[in-house]
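Residue-level structure breakdown
Residue strings, one per chain:
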Amino acid sequence: MNIGVLSLQGAFIEHRNILEALHVNSIEIRNKSDLSKNIDGMILPGGESTAIGKLLMDFDMLDSIKNFIEEGMPVFGTCAGMILLAKNIENSSVKHFATMDISVVRNAYGRQLGSFQAISAFGDFDKTPMTFIRAPYIRSVESNVKILSTVNGNIVAAQQNNQLVTAFHPELTDNTVVHEYFLNMIKGRC
Amino acid sequence: MENERYRLNKELAQMLKGGVIMDVTTPEQAKIAEAAGACAVMALERIPADIRAAGGVSRMSDPKMIRGIQQAVSIPVMAKVRIGHFVEAQILEALEIDYIDESEVLSPADDVYHIDKTKFKVPFVCGAKDLGEALRRINEGASMIRTKGEPGTGDIVQAVRHMRKINAEIRRVQSLLEDELFDAAKNLEVPYDLLKFVHENGKLPVVNFAAGGIATPADAALMMQLGAEGVFVGSGIFKSGNPEKRAAAIVKAVTNFNDAKLLAELSEDLGEAMIGINEGEIELLMAERGK
């Protein structure tokens, strides 16, 4: 299995390290030519969604990746990656891939002083450690979206067919549950 | 020291990696920076080139001006305090700033002590010329490090020197035997535990950016190839002929810093770069402030 990790800006190395710990091969996706490489799924990391969104446009990668997602390629977005996938971003007029039927709020907990850690259930796994850095959350989802986690009443993880999103950063912990869930999606098990 | 808040603050720096943090003096400039793909902005009244030209004592910026920039953009907003001026830091914390730069660009308020950054909830970035300075600042609670390249000069030579020196010292520490670390910690004037981390991991325990003198996409890519995890650009953007274009080009250069063909395209037709001052022509070496 080979996972492409979008590596335009942000915490992409952390995702690659987790995949390595799970003995899964990964490659960095930095420009359009990297998109012709053979990958089984893609991770959209945390970072600044405005910066990553701008670079996706500048490097002419937005439409190609959007097509991959619409054709069924499994994709996993964390934090900024979740914002890229959302069909609606509440406090912004800009949209990016807009492939997932969720409405998100950017910087939903305020500035850095609002960043926090939590331990909560993710799907069938209880006590999953979650790190929220200037994080967004999901305000609402369409009926075709499965909610996988809520923290303090806000939706923080969800799945819609081949798309998985978390508002938190599983790549910043040593817990591999969420990444394993994504790998199982690729294998067609959930 | 590795408490929850400190960990979250180190992790915010991780999210900035591979990005460009731009100095801005007005909400309009902040919007230009954000639209160009900046991962954060540094709000300050005067950019370093103007501070250098004006001379005199340079202090924390007006909170009203910082608030204006916080309202103008959605990306993280940083601001500078004088070295050792913990009350300026308290004020910025009250503004809920996302990162404080305890910076040699401003006039130092204390010529012995840096701020005890462990007493704050907001994160701090500090400058370092070598491994000793970097680990001393981390020990004081800094959750991000940057080089101390000479601000406001447009001359990259010092940032290069600091990045090379820090990385060479890291490689040397890695090569030591475990029982040699005690003496190395004494000589570097740093805590043993932090030096042991460097020995075992071959890197600083926090993110390390390049800062000072970056004026072109090639400068930014040079620092990335030398091992920086991202760059600060101060005077280089808004002292140039075409800030929008130069800012966007530097952002792209940081993302694809190994792609020489792309760097050639990005370097084309950027208009006038900041004029700059050579190292030998500088009267005030800001990097010598705070050690």
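Conventions used here
- Chains are numbered independently. Their residues run from 1 in the order of the written sequence.
- Ligands are numbered from 1 and chains lettered from A, in the order in which they are written.
- With pLDDT at 70 or above as the cut-off, local features in this predicted model cover only qualifying residues; side-chain atom pairs require 80 or more to be listed or tallied, and sums for whole chains, interfaces and linings still use all residues.
- By convention in this description, side-chain values take in all heavy atoms of the structure and omit both hydrogens and water.
- Strands are runs of DSSP state E lasting at least 2 residues, helices are runs of H or I lasting at least 4, and numbering of each runs from the N terminus.
- Our radius of gyration is a C-alpha quantity, and the globule rule it is checked against amounts to 2.2 Å times the number of residues to the power 0.38.
- Each residue gets one of three labels from its accessible area relative to the maximum for its type: buried under 20%, exposed over 50%, partly exposed in between, using a 1.4 Å probe on protein chains only.
- A 1.4 Å probe and the Shrake-Rupley method give the accessible areas. Residues count as covered only by the protein chains that appear here.
- Within this scheme the basic residues Lys and Arg register as positive and the acidic residues Asp and Glu register as negative, but His and the chain ends are omitted.
- Where a charge lies is defined by one atom per residue type: Lys uses NZ, Arg uses CZ, Asp uses CG and Glu uses CD.
- For this analysis, residues touch if any pair of their heavy atoms sits within 4.5 Å.
- Whenever a pair of cysteine sulfur atoms sits within 2.5 Å, that pair is classed as a disulfide.
- What a helix should span is 1.5 Å times the count of its residues minus one.
- Nitrogen and oxygen atoms within 3.5 Å of one another constitute a polar contact, given that in protein one can donate a hydrogen and the other can accept it, and given that sequence-neighbouring residues count only through two side-chain atoms.
- Here the quantity called buried area is the total loss of accessible area, with a 1.4 Å probe, experienced by two parts when brought into contact, counted for both.
- Put simply, a salt bridge is a Lys or Arg side-chain nitrogen that is within 4 Å of an Asp or Glu carboxyl oxygen.
- Of the grid points, spaced at 1 Å and generated over the protein atoms alone, those admitting a 1.4 Å probe that cannot get out make up cavities, while open sets with protein on both sides within 12 Å along at least five of seven lines make up pockets; any residue with an atom within 4 Å of a point is treated as lining.
- Grid points are joined across faces, edges and corners, and a volume is the space filled by probe spheres set on the points.
- Ten residue types, Ala, Val, Leu, Ile, Met, Phe, Trp, Tyr, Cys and Pro, are classed as nonpolar, four, Asp, Glu, Lys and Arg, as charged, and the remainder, Gly among them, as polar.
- Patch membership is restricted to residues that have no salt bridge and whose relative accessible area is over 30%. Joining uses 9 Å for like charges and 5 Å for the nonpolar side chains Val, Leu, Ile, Met, Phe, Trp and Tyr.
- Note: pLDDT gives the predictor's confidence per residue, expressed from 0 to 100.
- To qualify as a nonpolar core, a set must consist of buried Ala, Val, Leu, Ile, Met, Phe, Trp, Tyr and Cys residues joined through side-chain atoms within 4.5 Å.
- Any two strands are treated as partners once DSSP identifies two or more bridges connecting them.
- For helices, the fitted axis covers only the stretch in contact; all axes are lines through C-alpha atoms, and the angles between them, taken along N-to-C directions, range from 0 to 180 degrees.

**Observations concerning the overall build of chain B**
- Looking only at helices and strands, chain B features 13 helices and eight strands.
- The C-alpha atoms of chain B give 18 Å as radius of gyration, which agrees with the globular expectation for 291 residues (19 Å, within 12%).
- Expressed as a percentage of the 291 residues in chain B, the buried residues total 62%.
- For chain B, the accessible surface area stands at approximately 11500 Å², while carbon and sulfur atoms represent 49% of it.
- In chain B, the 35 positive side-chain charges and the 44 negative ones have mean positions that sit 1 Å from each other.

**Notes on the overall build of chain A**
- Within chain A one finds five helices and 12 strands.
- A compact globule built from 190 residues should have a C-alpha radius of gyration of about 16 Å, and chain A, at 15 Å, falls within 12% of that.
- Among the 190 residues that make up chain A, the fraction classed as buried is 63%.
- A separation threshold of at least 6 residues defines the contact pool for chain A, and within that pool the share at least 24 residues apart is 63%.
- Summing over all exposed atoms, chain A offers an accessible surface of approximately 7200 Å²; the carbon and sulfur share of this is 44%.
- A distance of 4 Å separates the average location of the 16 positive side-chain charges in chain A from that of its 19 negative side-chain charges.

**Some remarks on the environment of V94(A)**
Residue and element names in this part refer to chain A.
- Following the sequence through the fold, V94 ends up in the loop between β5 (86-89) and β6 (100-105).
- Looking at V94, the relative accessible area reads 44%, which means it is partly exposed.
- For V94 and G53, which are 41 residues apart along the polypeptide, the C-alpha to C-alpha distance reads 9.2 Å.

**Observations concerning the state of the cysteines**
- For the structure shown, the criterion picks out zero disulfides over all chains.
- This cysteine, C39(B), is not joined by any disulfide, and C79(A) carries the nearest cysteine sulfur, 13 Å off.
- Overall, C39(B) belongs to the buried group, its relative accessible area being 0%.

**Side note on helix α1 (residues 4-16) of chain B**
All names here are of chain B.
- For α1, which comprises 13 residues, the first-to-last C-alpha distance of 19 Å matches the rise-based estimate of 18 Å (1.5 Å per residue) to within 8%.
- For α1, the tally of buried residues reaches 10 of 13 residues, placing the bulk of the element in the interior.
- For α1, every residue scored as buried is listed here: Y6, L8, N9, K10, E11, L12, A13, Q14, M15 and L16.
- Put simply, N3 is the residue that caps the front of α1, since its side-chain oxygen is 3.3 Å from the backbone nitrogen of R5.
- Just downstream of α1 lies G18, where phi reads positive at about 70°.

**Brief notes about the interface of chain B and chain A**
- Taken together, the contact pairs 38 residues of chain B with 34 residues of chain A.
- Between chain B and chain A lies a buried interface of about 2900 Å² when both sides are counted; carbon and sulfur atoms form 53% of it.
- The interface formed by chain B and chain A contains four salt bridges.
- Its salt-bridge partner being D58(A), residue K252(B) comes within 3.8 Å of it at the nearest N-O pair.

**Observations concerning the layout of surface pockets**
- Put simply, the largest pocket is a space of about 1100 Å³.
- In this structure, the largest pocket is lined by 38 residues; those nearest its centre are I13(A), E14(A), K17(B), K203(B) and E229(B).
- Residue composition of the lining of the largest pocket, by class: 16 nonpolar, 11 polar and 11 charged.
- Put simply, the second largest pocket is a space of about 390 Å³.
- Of all the secondary structure elements, the ones that give two or more residues to the lining of the second largest pocket are α2 (49-58) of chain A together with α2 (27-36) of chain B.

**A word on a nonpolar patch on the surface**
All names here are of chain B.
- There is a patch of nonpolar side chains on the surface, built from F86, V87 and I91 and spanning about 250 Å² of accessible area.
- With respect to the element layout, V87 can be found in helix α5 (residues 86-94).
- Owing to a relative accessible area of 36%, V87 belongs among the partly exposed residues under this scheme.

**Some words on the confidence of the model for chain B**
- For chain B, per-residue confidence averages 94 on the pLDDT scale, and residues scoring 70 or more make up 99% of the total.
- Two summary scores accompany this predicted model of the complex, namely pTM at 0.95 and ipTM at 0.95.

**Focus: the nonpolar core**
- In this structure, L56(A), F122(A), F132(A), M223(B) and V231(B) are the most contacted members of the largest nonpolar core, which totals 117 residues.
- If sequence neighbours within four positions are ignored, M223(B) has contacts with I156(B), A159(B), V160(B), M163(B), A210(B), I214(B), A228(B) and V231(B).
- Grouped together as the second largest cluster of nonpolar side chains are 23 residues, C126(B), A134(B), I166(B) and L181(B) included.

**Examining the sheet that holds strand β3 (residues 77-82) of chain B**
Residue and element names in this part refer to chain B.
- One open sheet holds the eight strands; their spatial order is β7-β6-β5-β4-β3-β2-β1-β8, and the pairing between them is parallel. Either end of the sheet is taken by a strand with one partner, and the two such strands are β7 (207-209) and β8 (231-233). Put simply, the sheet's adjacent strands are angled 30° from each other on average, direction ignored.
- In this sheet, strand β6 (residues 144-147) lies alongside strand β5 (residues 124-128) in parallel orientation, the contact comprising four bridges. By the bridge assignment, G127 is partnered in β6 with R146.
- Relative to strand β1 (residues 20-24), α2 is tilted by about 165°, and along the sheet it contacts β1 and β2 (40-43).

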